[in-house]
Amino acid sequence: MIRSVPRSRLFDSLYLAYLVAFFVYLALPLLVTAAFAFNDSPFPSLPWQGFTLDWYLADGSAGRTGLFHDDGLLGALWVSVQIAFWVTLASVALGCVNAVLFERLQFRGKEFLYLLMLLPLVIPGVILGVSILVFYSGMANDVSRLWGLELDVFRPGMTLVVMGQVTFITTLATLVIGARLRKFDPQLEEAALNLGATPLVAWFTVTLPWLMPSIFGAAAMAFLMSFENFNTTVMLTGSDTPLTVALFNRLREGSTPVLNAVALFLMVVSALLALLTMRQSQGR
Amino acid sequence: MTSSAAGRLSLWLLLTPFVLWILLLVLVPHLQMLRVSFQVRESWDSLSWGLDQYQNFFSEAYYWRTFVRTGVMSLFTTFLTLLIAFPIAWYIAKMARGRAKGILFLACLIPFWASELVRTYGWMILLRESGLFSAWLQALGWVDGPVEMLYNDVAVIVGLVYNGLLFMVVPLVTTLDGMDENLVEAGYDLGGGHATVLREIVVPWAMPGVVSGCIVVFMLTLGSYLTPVLMGGKDSAWFTEQIFTQFITRFNWEQGAALGVLLLFLSSLMVWLGLKLSGQSLRKVMG
Amino acid sequence: MTTASDLSCHGLVRRFGRQSAVDHISLDVPAGTFFSILGPSGCGKTTLLRLLAGFDKPDAGDIHIRGQRMNDVPPNRRPVNMVFQHLALFPTMSVGDNIAYGLKRRKVASAERNKRVAKVLEQVGLPGLEHRNPQELSGGQRQRVALARCLVLEPTLLLLDEPLGALDLKLREQMKIELKHLQKQFGTTFVYITHDQSEAMVMSDQVAVMKNGRFDQVAPPEDLYREPATPFVAGFVGDNNQLVGEVVSVRDNLAEIRLEDGEVVRGRVASGGVKAGGRAELYVRPESLVLTGDALNEGYSAMQARVRTTLFDGANSRVEAAKGDQPVYARLPQDGSAPRLTTDGIIRLAWDPMLARVFAAGNP
Ligand SMILES: Nc1ncnc2c1ncn2[C@@H]1O[C@H](COP(=O)(O)OP(=O)(O)OP(=O)(O)O)[C@@H](O)[C@H]1O
Ligand SMILES: [Mg+2]
């Protein structure tokens, strides 16, 4: 089965066929989605009517509204970007702190706390959303009923969405940064102290630069995860819907090539972001 | 490092954000959800304790049937994903060399730069009545009229497996990559056949990766919403849908919380069982 | 402090649980000297060095550097620098930045910094390598960068923790000599840790032999070799043959010892407690042993041994013989003076009793 063990020709060609089928299976839905973003027809289906950029550029005058003139989608995109920004900031910061906590310090109950840290990974996203909704929104309701105070931040909306996403993205960021920190030789910090640096300076000049690639990686991952999240987000969103929820609502009304245009746009942005981080981590 | 007072200070400084996060975003909300699930609303502002929501769940066949169906289909999806992913992971880890290896691995990741919604949408375009498969089959003359391939359980599973593949392939490749090929060679050398070597050497070695992949895929599948809702038919309801309905459509938080607790219970149980049966620990599998 | 002592420690103790890794160590290192601490793996060398550098606190005892008490001074304020066992070059910085790191912390202006970095690189024999990555250097070059990183700060005291351990044999020989030259050139006081006795002997002005957290003996290399103060030093520093037996008599500082097989040998008493009737260990170096036919030098002590094999190694050639079940090594001169040896043949080994050392057995 490995290269050095002899195999039959038949086995090899079957294996190859399987590989090809697998990658076709992977690629087909995305290729099709991307292609129909340019089909000159009001429905994302065959027959092919010719190439057009209408689904990006049309300004509504000819009955078609392209992505770049669709205020609803653009607004949702902006909401998503804001959410992703705050989620990235919060979860990467928390991830750094947690990584140091679990990789560098010794304290009682560390094993138990580490398991708690992993917990959000084994809770379905919907449940994360529901529990936060029940607690915070319920609290806002109670406070309003009992004291007449309006805690609007805890009503479904951007704040709750950010909180819900930070819950599990922090765990992922912690794992990514922690894995890098585990490979750090603590003697380097001692060497810095020995050369006259204070502990704080040693952290910023020696340890942090070492962590930088993983911090970039964690940030890119956090941004993408937040941007693409649906299950947690849908439970917590208010009137300012983020892009995935807006797309979902559109899709239920019926599909138009504008959805394909958005999908392709998202894929390209994600791919660029992923490439950028890969370049970054390879450069070091 | 320096004095123990400074050490304790830094421990508290680092512990505080962690504790706040885990308490305020994970533990307390979930406890509250548990509490709410045992509350019975008598009028709009009076509550009492009771098991009504859970009784509803067991007395209404629709609820628990969906529950069981979701669990079974998730298990099946997980198993199918493992079967499909293993040969791919094996090829990437053990047969491909040099550039091909990196490229194939990246190719596995690329679909997941698109969100679940986009991927599901892609499958809808392919499978629906006016979709590509239908059109191609007609063009080939194999069928007369349009065929509907969407809105059934098979379509749901196709979509779910597609969503889970990445999370299966990556841990498998990682563990298989760490396996010394000499182990396999030694297995053959000592007289093992394909099946024995696979069973006695490869699978035990890959176990942490298998468990980790299975847990993640099962979790994702169980908790997925978009794929079953968009690709499933009238009678392929998913449990998350019911939670959603209770919260968003009916504003019945108590019932929704109870369903949420049940789903959480099911997923924890399955994760626990998976770890126990395979003799792995959560830390080893996830951390 | 009247003498110009750069480092002086008194009664240093560091315990890990019940075990004392450093156990009441006192030492005094004169300015500008090369001081080695020699001991087997796990004897507490690194622990001692970390106490000196300030990464660890002693449970008891004082550390003075240039007469100033250092116990409560944090590591970044101590006038000592350290070359780590695994070098600890910062992987995220270039060679130049590594060397400039300490200067930056002292807020040396950048022009001055660059000048000093270039100069020290030249001194360690790596001119113009500022922009390289540490990972792109060879083992020996990395070694020198680690050294330069400390020397550029002109420390009072440089601590080196087995810095040659990671190098291959040939490079180690070369770096040994080079380190000694660098130390002379910079005039810095070196405290050098090693478990390799040849390193310690070649480079040091003073060597402390360490065992189980204590110093057995502190002396210049030659004294250590000729006048070991304990059986451990005698066995650890240089090759030595050990013979165990019962003391028959002690006369004029010479002890007669009856070995297991009844032969009586003689050697100079080197420790107290060697009394007639007690057990004792006699140490005699391979190069002190001469192969004799029947003719015996006047006053020499002799014994018979069975030849096991000869080990040819040029000028270092030796014969391995057995006395009872104890191996005994003797030098085989390659000038033709050695008799022809056959395996299992019986040879007579003789030595000047003044060159053999007798210690009371069971005396640490
Ligand atoms: N942090 C620690 N906790 C407990 N025991 C320790 C610790 N550091 C060292 N020791 C123990 O102290 C003893 C001395 O260790 P040390 O590292 O000083 O040895 P060493 O002489 O430097 O050895 P080597 O030549 O192998 O580097 C060892 O027995 C070791 O197990
Ligand atoms: Mg050591």
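In this text, all values refer to a predicted model and were calculated from it rather than measured experimentally.

Here is what the cut-offs are and how they apply
- Residues numbered from 1 in each chain as written.
- Chains lettered and ligands numbered in written order.
- Predicted model: local features only at pLDDT ≥ 70, side-chain atom pairs only at ≥ 80, totals over all residues.
- Heavy atoms only, no water.
- Helix = DSSP H or I, 4+ residues; strand = E, 2+ residues; numbered from the N terminus.
- Rg over C-alpha atoms; globule rule 2.2 N^0.38 Å.
- Buried < 20%, exposed > 50% of the residue type's maximum accessible area, 1.4 Å probe, protein only.
- Areas by Shrake-Rupley, 256 points an atom, 1.4 Å probe, with all protein chains shown as cover.
- Lys, Arg positive; Asp, Glu negative; His and termini not counted.
- Charge placed at Lys NZ, Arg CZ, Asp CG, Glu CD.
- Pairing = 2+ DSSP bridges.
- Axes fitted to C-alpha atoms, helices over the stretch in contact; angles between N-to-C directions.
- Contact = heavy atoms within 4.5 Å.
- Buried area = accessible area lost by both parts, 1.4 Å probe.
- Salt bridge = Lys/Arg side-chain N within 4 Å of Asp/Glu carboxyl O.
- pLDDT = per-residue confidence, 0-100.
- Near = heavy atom within 4 Å.
- Polar contact = N/O pair within 3.5 Å; in protein donor to acceptor, adjacent residues only side chain to side chain.
- Nonpolar A, V, L, I, M, F, W, Y, C, P; charged D, E, K, R; others polar.
- Patch = residues over 30% accessible without salt bridge, like charges linked within 9 Å, V, L, I, M, F, W, Y side chains within 5 Å.
- Phe/Tyr/Trp six-rings, centres within 6.5 Å; stacked < 30°, edge-to-face > 60°.
- Lys NZ or Arg CZ within 6 Å of the ring centre and 35° of its normal.
- Parallel < 35°, antiparallel > 145°, perpendicular 65-115°, else oblique.
- Left-handed = near helix turned anticlockwise from the far one by under 90°.
- Expected span 1.5 Å × (residues − 1).

Observations concerning the overall build of chain B
- Along chain B, the regular secondary structure elements total 13 helices and two strands.
- Here the C-alpha atoms of chain B give a radius of gyration of 24 Å, more than 25% beyond the 19 Å that 2.2 N^0.38 yields for 287 residues.
- Taking all 287 residues of chain B together, the buried fraction comes to 50%.
- Put simply, chain B shows about 13400 Å² of open surface, and 68% of that area lies on carbon and sulfur atoms.
- Both charge centroids of chain B, one from 17 positive and one from 18 negative side chains, sit 9 Å from each other.

Observations concerning the overall build of chain A
- If you tally the helices and strands in chain A, you get 11 helices and zero strands.
- Mapped in sequence order, the helices and strands of chain A form the string α-α-α-α-α-α-α-α-α-α-α.
- Computed over the C-alpha atoms, the radius of gyration of chain A is 24 Å, more than 25% above the 19 Å expected from 2.2 N^0.38 for a compact globule of 284 residues.
- The principal-axis extent of the C-alpha atoms belonging to chain A is close to 75 × 70 × 35 Å.
- For chain A, with 284 residues in total, the buried portion stands at 53%.

Let's talk about the sheet that holds strand β6 (residues 80-83) of chain C
Residue and element names in this part refer to chain C.
- Sheet architecture is open: six strands sit in the order β6-β7-β8-β3-β9-β10, paired in mixed fashion. Only two strands of the sheet have a single partner each, and these edge strands are β6 and β10 (214-219). This sheet shows a mean twist of 20 degrees between the axes of neighbouring strands, independent of strand direction.
- By the bridge criterion, five bridges tie strand β3 (residues 34-38) to strand β8 (residues 189-194) in an arrangement that is parallel. Counterpart to Phe35 in the pairing with β8 is Val191.

Examining the environment of B:Val197
- Along the chain, B:Val197 turns up in helix α9 (residues 194-222).
- Between the C-alpha atoms of B:Val197 and B:Glu185, which are 12 residues apart in sequence, the distance is 9.2 Å.

Points about the interface of chain B and chain A
- Listed by partner, the interface residues are 88 residues for chain B and 84 residues for chain A.
- Carbon and sulfur atoms supply 80% of the area buried between chain B and chain A, which totals about 8000 Å² over both sides.
- When residues of chain B are sorted by the area they lose upon contact with chain A, B:Trp21, B:Trp113 and B:Arg283 head the list and together hold 10% of the total.
- On inspection of chain B and its partner chain A, the count reaches zero salt bridges.
- The dominant element in the side of chain B that touches chain A, judged by the number of residues it contributes, is helix α1 (residues 4-37) of chain B, at 18 residues.

With respect to the confidence of the model for chain B
Residues and elements named next belong to chain B.
- Scored by pLDDT, chain B has a mean of 84; 97% of the residues are at 70 or more.
- Averaged pLDDT values over the elements of chain B bottom out at 73 in helix α13 (residues 282-286) and peak at 90 in helix α3 (residues 61-95).
- Overall fold confidence (pTM) sits at 0.81, and the ipTM for the predicted complex is 0.84.

Considering the site of ligand 1
Residue and element names in this part refer to chain C.
- Around ligand 1, the surrounding shell consists of Phe16, Gln19, Ala21, Ser41, Gly42, Cys43, Gly44, Lys45, Thr46, Thr47, Gln85 and Glu162.
- Between ligand 1 and Cys43 there is a distance of 3.3 Å, counted from an oxygen atom to a backbone nitrogen or oxygen.
- Put simply, the parts of the chain that give the shell around ligand 1 at least two residues each are β2 (19-30) and α1 (45-53).
- If you tally residues by element for the shell around ligand 1, the top one is α1, at three residues.
- Counted by class, the shell around ligand 1 contains three nonpolar, seven polar and two charged residues.

Some remarks on the side chain of C:Lys45
Residues and elements named next belong to chain C.
- Topologically, Lys45 is positioned in helix α1.
- Judged by its relative accessible area of 4%, Lys45 is buried.
- There is a polar contact of 3.1 Å between the side chain of Lys45 and the backbone oxygen of Gly39.
- In terms of polar contacts, Lys45 uses its side chain to reach the backbone carbonyl oxygen of Pro40, at 3.1 Å.
- Excluding anything up to four places from it in sequence, Lys45 contacts Ile37, Gly39, Pro40, Glu162, Ile193, Thr194, His195 and Met210.

A word on a nonpolar patch on the surface
- Where nonpolar side chains cluster on the molecular surface, the patch consists of A:Leu46, A:Trp48, A:Phe51, A:Leu53, A:Leu57, A:Phe68 and B:Trp136 and spans about 720 Å² of accessible area.
- In this structure, A:Leu53 sits in the loop between α1 (9-36) and α2 (54-57).

With respect to the packing of aromatic side chains
- Evaluation of the coordinates by the stated rule reveals 31 aromatic pairs over all chains.
- Ring centres of A:Tyr15 and B:Tyr91 lie 5.5 Å apart, and the angle between their planes is 75 degrees; on these two criteria the pair is classed as edge-to-face. Note that A:Tyr15 is positioned in helix α1 and B:Tyr91 in helix α3, a pairing that runs across two chains. B:Tyr91 carries the same exposure label as A:Tyr15, and that label is buried.
- Ring centres of B:Phe67 and B:Phe239 lie 4.9 Å apart, and the angle between their planes is 70 degrees; this geometry places the pair in the edge-to-face category. Taken together, the residues B:Phe67 in helix α3 and B:Phe239 in helix α11 (residues 239-249) connect sequence positions 172 residues apart.
- Clustering of aromatic rings is evident, with ring pairs tying together A:Phe102, A:Tyr114, B:Phe18 and B:Trp21.
- Here C:Arg149 stacks its cationic end above the ring of C:Phe90, 4.7 Å away from the centre of that ring.
- Above the ring of C:Tyr225, the side-chain terminus of C:Arg285 is found at 3.7 Å from the ring centroid.

A closer look at the packing of helix α4 (residues 110-118) of chain A against α1(B)
- Where α4(A) meets α1(B), the axes come as close as 11 Å, and the angle between the chain directions of the two elements is 50 degrees. By the criterion of interaxial angle, the relationship of α4(A) to α1(B) is oblique. In this structure, α4(A) crosses over α1(B), and the sense of that crossing is left-handed. Side by side, α4(A) and α1(B) meet where A:Leu113, A:Leu116 and A:Met117 of the first sit next to B:Leu15, B:Phe18, B:Trp21, B:Ile22 and B:Leu27 of the second.
- Across the contact of α4(A) with α1(B), the residue classes break down as eight nonpolar, no polar and no charged.

Topic: the sheet that holds strand β18 (residues 326-331) of chain C
All names here are of chain C.
- The strand order across the open sheet built from five strands is β15-β19-β16-β17-β18, with neighbouring strands paired in antiparallel fashion. The open sheet terminates on both sides in strands that have one partner only, identified here as β15 (290-292) and β18. Shown here is a sheet whose adjacent strand axes are inclined to one another by a mean of 50 degrees, direction ignored.
- Direction of pairing for β15 relative to strand β19 (residues 346-351): antiparallel, over a ladder of three bridges. When the sheet's bridge partners are listed, Val290 is paired in β19 with Ala350.

As for the packing of helix α4 (residues 139-151) of chain C against helix α5 (residues 169-186) of chain C
All names here are of chain C.
- Running from N to C, α4 and α5 cross one another at 20 degrees; their axes reach a closest spacing of 11 Å. Accordingly, the angle class assigned to the pair α4 and α5 is roughly parallel. In the crossing of α4 with α5, the sense of the turn from one axis to the other is right-handed. Facing α4, whose interface residues are Gly139, Gly140, Gln143, Arg144, Leu147 and Leu151, α5 presents Leu171, Gln174, Met175, Glu178, Leu179, Leu182 and Phe186.
- Classifying every residue of the contact of α4 with α5 by side-chain character gives seven nonpolar, four polar and two charged.

Considering helix α5 (residues 125-147) of chain A
- Across its 23 residues, α5(A) extends 32 Å between first and last C-alpha, which sits within 8% of the 33 Å expected from 1.5 Å per residue.
- Within two residues after α5(A), A:Gly148 carries a phi angle of roughly 70 degrees, on the positive side.

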